[in-house]
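Single-letter residue listing:
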Protein chains: 2
Amino acid sequence: MSDVYGVILAGGIGARMGNKQFLELGGRPILIHTLEKFVLHPGFQGILVLTPQAWMSYTRDIIHRYLPSAEGIEVLQGGETRNETVMNAIRYIEKTGRLTDETIIVTHDSVRPFVTHRIIEENIQAAKRCGACDTVIPATDTIVESREGGCITSIPNRSYMYQGQTPQSFAAKKLKDTYEALSGQEREILTDACKIMVLQGEKVELVQGEVFNIKITYPYDVTVAQALLGMEI
Amino acid sequence: MSDVYGVILAGGIGARMGNKQFLELGGRPILIHTLEKFVLHPGFQGILVLTPQAWMSYTRDIIHRYLPSAEGIEVLQGGETRNETVMNAIRYIEKTGRLTDETIIVTHDSVRPFVTHRIIEENIQAAKRCGACDTVIPATDTIVESREGGCITSIPNRSYMYQGQTPQSFAAKKLKDTYEALSGQEREILTDACKIMVLQGEKVELVQGEVFNIKITYPYDVTVAQALLGMEI
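Quick summary incoming for the structure in this document.

## Some remarks on the overall build of chain A
Within chain A one finds 8 helices and 10 strands. Its C-alpha atoms give chain A a radius of gyration of 18 Å, near enough to 17 Å, the size a compact globule of 233 residues would have. Expressed along its principal axes, the backbone C-alpha trace of chain A runs to roughly 50 × 45 × 35 Å. Taking all 233 residues of chain A together, the buried fraction comes to 55%. With the model as given, the accessible surface of chain A reaches about 10100 Å², and the carbon-plus-sulfur share is 47%.

See below:
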């Protein structure tokens, strides 16, 4: 039986809801587009959707309406931060008695509806093999560093630079143990779960993303997403 | 009289022409959209368009067809590299006897047609003030470093990271002097003109770009650009 869970991050306590997970794209909420990619992948034991408390009931409603035959989807409350939201998912798995060293979570932004079957599959394989992975694309723009925002501090070698997308996937127990060993201050700084693993000296494999696996945050992104919906991708 | 030149980079010797500068967008070649933004800015003494030798005549034709009343546009041959192409533009200004310490070049990708009047204006002001500037936006994705492409090496603090766009603008004589002082090997490594200035300890100011100031390289970008053309930006 599979020990792999999809974890869809759709907001936590205090999230500004500036994201567009409930906005409609081609007649369906963006969250539903995203969720469907996970539902259609046969590798998941369950799919956990984490939302602000106030939106849990609405989220359950739209899942019921748009994906009536989907099984194994649970809507859970998000935490105070992105990492706490991921921890809420892991704690839920733990409560069901299914958290083992083999449990894998594939965490994904609810507002990245163009994730593909291949990306999900490679995440599962890489996390099983290595314990952690991050979905990235080679940086398309030159990356520039500025420590104070006024002038350039350095321009790193572009061939070393990648843009992080999601999914980010983890051996769930290892991530939880590592996270719980952090101080409160470290937790505030390490907002990216992959960064936690990297700083602990753990290997985090790269999985190749796609240019079109965009995060829909700004009105600009919605226009782009509407165009992408009409494309063969 | 203005000492400011627009320098539109539309390819050099050996360029794969993988870029889309001659592709039509809304009935006009992308290069024309881009060029028009410079033509409509009153601050330029001249606008230099650098293309592969084989495309110079075609480029002159389309400029004549789509921008018949525009003055001060010169089509020149690009160089072997991006920096050599920029140097060809500066050498042209020098040959006309107009290269002084005050001469500013605003270099811009021919395939970034959504550059704005504000971005161009702020480039001119910053280059006059500081000698060099780069147009950037705060990194929207987490930036990930991998030295060998298999695993993450580090995840730099995202608040320090920016994505480089164009224009990049320079005091032309200073850039030329700095470039000509480099060894052949340094020239091969330093493919970004701003990086040359940074490594020489020169200040390079940041100018705020726009998310929609995209570079049209892949078919994906063409779809996005077509959507953007229909937007109010």
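## What about the environment of B:Val75?
All names here are of chain B. Relative to the assigned elements, Val-75 resides in strand β5 (residues 73-77). Since its relative accessible area comes to 6%, Val-75 is described here as buried. Separated by 121 residues in the primary sequence, Val-75 and Ile-196 have C-alpha atoms spaced 26 Å apart. With residues up to four places along the chain from it excluded, the contact list for Val-75 reads Val-49, Thr-51, Met-56, Thr-59, Arg-60 and Ile-63.

## Section: the interface of chain B and chain A
Each side of the interface is counted separately: chain B has 41 residues, and chain A has 42 residues. Summing both sides of the interface, chain B and chain A together bury roughly 3800 Å²; the carbon and sulfur share of this comes to 66%. Linking chain B with chain A are 2 salt bridges. Note that B:Arg112 and A:Asp141 form a salt bridge whose closest N and O atoms lie 3.6 Å from each other. Applying the counting criterion to the chain B and chain A interface returns 14 residue pairs in polar contact (both at pLDDT 80 or more). Of all the secondary structure elements, the ones that give two or more residues to the side of chain B that touches chain A are β7 (132-138), β8 (143-145), β9 (161-171), α7 (193-199), β10 (205-208) and α8 (219-229) of chain B. Sort the elements by how many residues they give to the side of chain B that touches chain A and α8(B) lands first, with 5 residues. Here the residues of the side of chain B that touches chain A sort into 22 nonpolar, 10 polar and 9 charged. Examined bridge by bridge, strand β8 (residues 143-145) of chain A and β9(B) share 3 bridges and lie antiparallel to one another. Across the sheet, A:Val144 pairs through a bridge with B:Tyr162, a residue of β9(B).

## A look at the packing of aromatic side chains
The relative placement of two aromatic rings is captured by the distance of their centres and the angle of their planes. Residues and elements named next belong to chain A. In the structure shown here, the tally under the stated rule is 8 aromatic pairs over all chains. Geometrically, the ring pair formed by Trp-55 and Tyr-58 is edge-to-face, given 5.6 Å between the ring centres and 85° between the ring planes. With relative accessibility at 32%, the residue Trp-55 sits in the partly exposed group. A residue is classified by how much of its surface remains accessible, and Tyr-58, at 34% relative accessible area, is partly exposed. Aromatic rings pair up to connect Phe-22, Trp-55 and Tyr-58 into one cluster. One Lys or Arg, Arg-187, reaches over the ring of Tyr-179 and ends 4.5 Å from the middle of that ring.

## Observations concerning helix α1 (residues 30-39) of chain B
Burial of α1(B) is extensive: 7 of the 10 residues sit out of reach of the surface. Of the residues making up α1(B), those classed as buried are B:Ile30, B:Leu31, B:Ile32, B:His33, B:Thr34, B:Leu35 and B:Phe38.

## Description of the relation of the copies chain B and chain A
Superposing chain B onto chain A takes a rotation of 180° plus a shift of 0.0 Å along the axis, which leaves an RMSD of 0.0 Å. Here the symmetry operator amounts to a two-fold rotation axis. Minimal C-alpha distance to the rotation axis in chain B is attained by B:Val224, lying at 2.7 Å. Both copies contact each other with a shared surface, as 100% of the interface residues of chain B are interface residues in chain A too.

## Observations regarding the layout of surface pockets
A volume near 180 Å³ is recorded for the second largest pocket. If you go around the second largest pocket, the residues you meet are A:Tyr218, A:Pro219, A:Tyr220, B:Ile137, B:Pro138, B:Thr140, B:Gln208, B:Gly209, B:Glu210, B:Val211 and B:Phe212. Contributions of two or more residues to the lining of the second largest pocket are made by α8 (219-229) of chain A together with β7 of chain B. Looking at the lining of the second largest pocket, its residues break down into 7 nonpolar, 3 polar and 1 charged.

## A look at unusual backbone geometry
Note that the residue after A:Thr166, namely A:Pro167, is joined by a cis bond; omega there is 10°. Note on placement: A:Pro167 falls in strand β9 (residues 161-171).

## Remarks on the side chain of B:Glu205
If you trace the backbone, B:Glu205 turns up in strand β10. Only 2.8 Å separates the side chain of B:Glu205 from the side chain of B:Arg129, close enough to count as a polar contact. Setting aside chain neighbours within four positions, we find B:Glu205 in contact with A:Gly150, A:Cys151, B:Ala126, B:Arg129, B:Cys130, B:Ala132, B:Cys133 and B:Asp134.

About the criteria used
Residues numbered from 1 in each chain as written. Chains lettered and ligands numbered in written order. Predicted model: local features only at pLDDT ≥ 70, side-chain atom pairs only at ≥ 80, totals over all residues. Heavy atoms only, no water. Helix = DSSP H or I, 4+ residues; strand = E, 2+ residues; numbered from the N terminus. Rg over C-alpha atoms; globule rule 2.2 N^0.38 Å. Buried < 20%, exposed > 50% of the residue type's maximum accessible area, 1.4 Å probe, protein only. Areas by Shrake-Rupley, 256 points an atom, 1.4 Å probe, with all protein chains shown as cover. Contact = heavy atoms within 4.5 Å. Buried area = accessible area lost by both parts, 1.4 Å probe. Salt bridge = Lys/Arg side-chain N within 4 Å of Asp/Glu carboxyl O. Polar contact = N/O pair within 3.5 Å; in protein donor to acceptor, adjacent residues only side chain to side chain. Nonpolar A, V, L, I, M, F, W, Y, C, P; charged D, E, K, R; others polar. Pairing = 2+ DSSP bridges. Phe/Tyr/Trp six-rings, centres within 6.5 Å; stacked < 30°, edge-to-face > 60°. Lys NZ or Arg CZ within 6 Å of the ring centre and 35° of its normal. Least-squares fit on C-alpha atoms with pLDDT ≥ 70 in both. 1 Å grid on protein atoms, 1.4 Å probe; cavity = no way out; pocket = protein on both sides within 12 Å on 5 of 7 lines; lining within 4 Å. Points joined across faces, edges and corners; volume = space filled by probe spheres on them.

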